[in-house]
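Descriptive analysis of the structure
In case you want the letters, here they are:
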Amino acid sequence: MWTINQAYIDGQFVPVQGREIVECINPTTEAVMGTVTLADRNDAKQAIAAAQRAQEVMGRTTKAERIDMLKRLQAAVLASTEQIRDTAIEEYGAPFARAQWVSQYASQCFANAAQTLEAYDLVRPMGAARVFMEPVGVAGLIAPWNSTAGTVCSKLASAIAAGCASVIKPSEMSALQAHTLAQALDRAGLPNGVFNILLGRGDEVGDEISTSPLIAKISFTGSTPTGKRIARAGVETLKRVSLALTGKSASIVLEDADFNIAIPLALNAAFMNNGQACVAGTRLLVPRARLKEVIERVKTLVAAMVVGNPQDPATDIGPLVSRAQYDRVQGFIRRGHEQGATLIAGGEGRPVGLEKGYFVQPTVFADVDNDMDIAREEIFGPVLSILAYDSEAHAIDIANATIYGLQAYVFSQQQERANHIASRLEAGTVLINRIVPDLLAPFGGFKQSGIGREFGILGLEAFLEAKTVASQ
Ligand code: NAD
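Given the structure is predicted, the values throughout are model-derived calculations rather than measurements. (Residues numbered from 1 in each chain as written. Predicted model: local features only at pLDDT ≥ 70, side-chain atom pairs only at ≥ 80, totals over all residues. Heavy atoms only, no water.)

A closer look at the domain arrangement of the protein chain
Partitioning the protein chain into structural domains gives domain 1 (2-245 + 449-469) and domain 2 (250-439). Placing the centre of domain 1 and that of domain 2 at their C-alpha centroids yields a distance of 30 Å. On the side of domain 2, 30 residues touch domain 1, which itself brings 24 residues to the contact. Across the interface of domain 1 and domain 2, roughly 2,300 Å² is buried in total on both sides, 59% from carbon and sulfur atoms. In this structure, the connection of domain 1 to domain 2 is made through 10 residue pairs in polar contact (both at pLDDT 80 or more). Listing elements by their share of the side of domain 1 that touches domain 2, those giving two or more residues are α3 (81-92) and α4 (96-118). (Domains from an automatic or database assignment. Contact = heavy atoms within 4.5 Å. Buried area = accessible area lost by both parts, 1.4 Å probe. Polar contact = N/O pair within 3.5 Å; in protein donor to acceptor, adjacent residues only side chain to side chain. Helix = DSSP H or I, 4+ residues; strand = E, 2+ residues; numbered from the N terminus.)

What to know about the packing of aromatic side chains
Each pair of aromatic rings is reported with the distance of its centres and the angle of its planes. As enumerated under the stated definition, the model contains 7 aromatic pairs in all. Summarising the aromatic geometry, the rings of W101 and Y105 are spaced 5.1 Å apart at their centres and angled 50° between planes, so their arrangement reads as tilted. Remark: Y105 and W101 occur in helix α4; sequence separation between them is 4 residues, near one turn of the helix. For W101, a relative accessible area of 31% corresponds to the partly exposed category. With relative accessibility at 13%, the residue Y105 sits in the buried group. Each ring, one from W145 and one from F380, has its centre 5.8 Å from the other, and the planes form 85°; the classification is edge-to-face. Of this pair, W145 sits in the loop between β8 (139-142) and α5 (148-162) while F380 sits in the loop between α12 (373-376) and β17 (383-389); the two residues are 235 residues apart in sequence, bridging distant segments of the chain. You can call F380 buried: its relative accessible area is 16%. (Phe/Tyr/Trp six-rings, centres within 6.5 Å; stacked < 30°, edge-to-face > 60°. Buried < 20%, exposed > 50% of the residue type's maximum accessible area, 1.4 Å probe, protein only.)

A short note on the pairing of strand β19 (residues 407-411)
Where burial is concerned, most of β19 is hidden: 5 out of the 5 residues are buried. Of the two faces of β19, both are covered, the one formed by Q407, Y409 and F411 as well as the one formed by A408 and V410. Pairing of strand β13 (residues 250-253) with β19, which is carried by 4 bridges, proceeds in the parallel orientation. Directly across from A250, in β19, lies its bridge partner A408. Pairing analysis gives 4 bridges linking β19 to strand β20 (residues 429-432), with the strands arranged parallel. (Pairing = 2+ DSSP bridges.)

Here's the deal with the environment of T151
You can see T151 is positioned in helix α5. As a C-alpha pair, T151 and Q52 span 99 residues in sequence and 22 Å in three-dimensional space. If we ignore the near neighbours within four places in the chain, the residues touching T151 are A143, P144 and T221. From its side chain, T151 meets the backbone oxygen of S147 in a polar contact 2.9 Å long.

Description of the side chain of D256
Structurally, D256 is set in the loop between β13 and α9 (259-271). Note on D256: relative accessible area 16%, which makes it buried. At a separation of 2.7 Å, a polar atom in the side chain of D256 contacts the side chain of R417. Excluding residues within four positions of it along the chain, D256 makes contact with S412, Q413, Q414 and R417.

Spelled out as C-alpha cells, the structure:
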C-alpha cells in the first residue's frame, strides 16, 4: 500500500492543503493499492505563483541553457524508465510492451525537443523587421491517465524548449504514475518552480489553471467535452489553448494490401493500450468482396490474443482502468447488439477464467453501420467495428463521416494509391502500413479531435509568441 499526499511545488515535495483522500484500486486485482490526497485550489494557486516567479528567469534563458535543461531532464527520466513503466502497468493495467514503449518515449521527448530547438531560429529577419520568438509565459499542462509519462514529458519538453515555466496537472486517476515521474524529473535539478506538479480534480485544480490570469497558455490532452470546457474557461483571459482530444480513427485496408501483415497491424491499432488510446483504429474498413475472408482472419487472430496479467510480456490485453470504464464498455457492447451489428468475437462479460479485474473480452462486430453508436463514439476499450466499403471513394467517405479527425491508417502495397487516400482523409496523422508515429512530426487533430499540434517545430511554436521589432 502506498500513500501519496504531496505536491511538487517550487522545487520541493510539500504536503498538499487539500483534504480529499481517494483510494486507488488496482484494476488487475481490484485490491486497494494506495491512497492519494488530492490537491485543492489553494495548492494550485501556490504552484501557479511559483511558476510565475520562475518565469522571470526562465523567460530570459538562452537556447543553450534550455538545451542543457532538456538534456538533464532526458537523463533523469531515462534513469527511471523501469519505475515509470511499472507504475503504468500497476495503475491502469497498461500491457507490458506498451508501458515499456511509453516510458522510453517519455525520455526521448526531451532529446527530440532539444534537437528541434537546436535547429530553430528564435530570431529571424522578415521584411525589414526582425521577429523574435519569445516564450508565451506560464503554461498549464493538463494530462489524462492513459499515458501520463508520455503526455506530461511531451508537453514539458516543448514548454522548456520555448522558455516557459509550467504547472502540470496529471489526471487524479494517475497518482502513482505522476508521483514517480515527479521524483524522476526532480532529479534533473532544474531551478525551483520551473515546473510544478499537482494531482487534483479537474473542476478544482484544473479549473484554477484554466481561469487564472497568471497562466498564459494551456496545453491539454483529454476528452473533447473537457477540452471544450477548458477552451471556454480560458477565453476570458485569452489564453493560448492547444487541445489534443478524442478520436474515432479508421483503418482502411485496400484490396491490394498484404492481408497477412495488414490485418494483424489493424487489430493492434484497435486494441493498443487495451483499447484505451486516443489513436485507436476502432473502425476497420475493408473491401466488401474480401469481407468474409477478413472476418475469418480476425476471428482466428482474436482467439489467439492473450488477455490477462499486464505484467506478463506475453499478454496482449490487460484490464480497463476502472469499474466505471468496464461498465461503460459493456454498455457499448450491448448497444452494438441492440442496434443490429453482428458479433464475431468476444462479447459481454469477462473473458473465461478471469473472475477478478476489469477485464473485457476483445470484441469485434461486423455488419456495422457508420451511424451506430459503436462506430460513432469513442469507446476506450477493446471493441472493434468492421465496416464494408464498395469503392475507394466510399471508404474515404466512411472514414471522414465522423466529428473526429485524430489519426487514420491505410494499408496498401501501392504507395501512390495510399498517398492519394491520405490526401483525402480528414485526420491530423495518416499512417501508411505502420502503426507507430513519428515523434518529430506534428501530432494533433482535425475537427473535434483538437486544436494545435504537439511534437517537433509546431509543438515548440505552440509555446512561443512572435514579436516583431521594426526600426527606421
Ligand atoms: P478527461 O477529459 O476526463 O480528463 C483529462 C484531464 O482533464 C484530467 O487531468 C482531468 O482531471 C482534467 N479535467 C477534467 N475536467 C476539467 C476541467 N473542468 N478543467 C480543467 N481540467 C479538467 O479525459 P480522461 O478520461 O483522463 O482521458 C481519456 C480521454 O483523453 C479520451 O477521450 C482520449 O481520447 C483522450 N486522449 C487524447 C489524446 C490525444 O493526444 N488526442 C491522448 C490521450 C488521451
